[in-house]
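The lines below spell out each chain.
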Amino acid sequence: MALQGPIPVTFEMVFPHGCYVVGEVEPVKDFDASSNGRFVQARDKQTGELVWQVAVMDGDPTLKPAQKTVAVKILAPVQPVPPQPMPGLPFTPVEFDGMSVTPYVNAAGRLSYSIKVREMRAPHPTAQTTPTTAKAGKDAA
């Protein structure tokens, strides 16, 4: 089989309705290496990079509440910093680059996905048509 390891995906494939930071960026614990109260941060098996984790809420309005929050693992040499909060919003919008997913069967026997990314950033602005610009375009024709 040609697929080996994590499967590359785009942000739009995983979060077509966007997502929002709802937790702190934290180091992921290497449970095998940590012992006797000594914390050892996990490293990615493929790249050797340190692994960080942040909780995000999926913007998909059709998801059940229990499905909305997911953990995203970030591979980076230093602790990533989330984008600045946006005025008037209760949560900070975020996008990710260099995404991959790894399917696995969870403890309940259901298919789940581990999401890993290379970069966390503020969303790119999108061009939206406002009623004023739509009318101006119509009048110009």
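Scroll up to find the structure.
Description of the structure in this document. (Residues numbered from 1 in each chain as written. Predicted model: local features only at pLDDT ≥ 70, side-chain atom pairs only at ≥ 80, totals over all residues. Heavy atoms only, no water.)

Focus on the overall build of the protein
The condition is simple: Each helix is a run of H or I in the DSSP string that is no shorter than four residues. Each strand is a run of E no shorter than two, and both are numbered from the N terminus. The rule is simple: take the accessible area with a 1.4 Å probe, protein chains only, and divide by the maximum for that residue type; under 20% is buried, over 50% is exposed, in between is partly exposed. Should any heavy atoms of two residues lie within 4.5 Å, those residues are counted as being in contact. Using a 1.4 Å probe, accessible areas were evaluated by the Shrake-Rupley method; residue-level cover was limited to the displayed protein chains.
Within the protein one finds three helices and nine strands. Taking all 141 residues of the protein together, 30% fall into the buried category. Counting contacts in the protein only where the partners sit at least 6 residues apart, residues at least 24 apart contribute 60% of the total. Surface exposure of the protein reaches about 9800 Å², of which carbon and sulfur atoms provide 57%.

What about the pattern of salt bridges?
Once their charged atoms are close, side chains differing in charge can pair, the charge on each being opposite to the other. We count it as follows: By convention in these notes, a salt bridge is any Lys or Arg side-chain nitrogen within 4 Å of a carboxyl oxygen on Asp or Glu.
Per the stated rule, a full pass over the model turns up four salt bridges. One salt bridge in this structure joins Arg121 and Glu95, with 2.8 Å as the shortest N-O distance. Of this pair, Arg121 sits in strand S9 (residues 119–121) while Glu95 is found in strand S6 (residues 92–97), placing the two residues 26 residues apart along the sequence. The same class applies to Arg121 and to Glu95, which are both buried.

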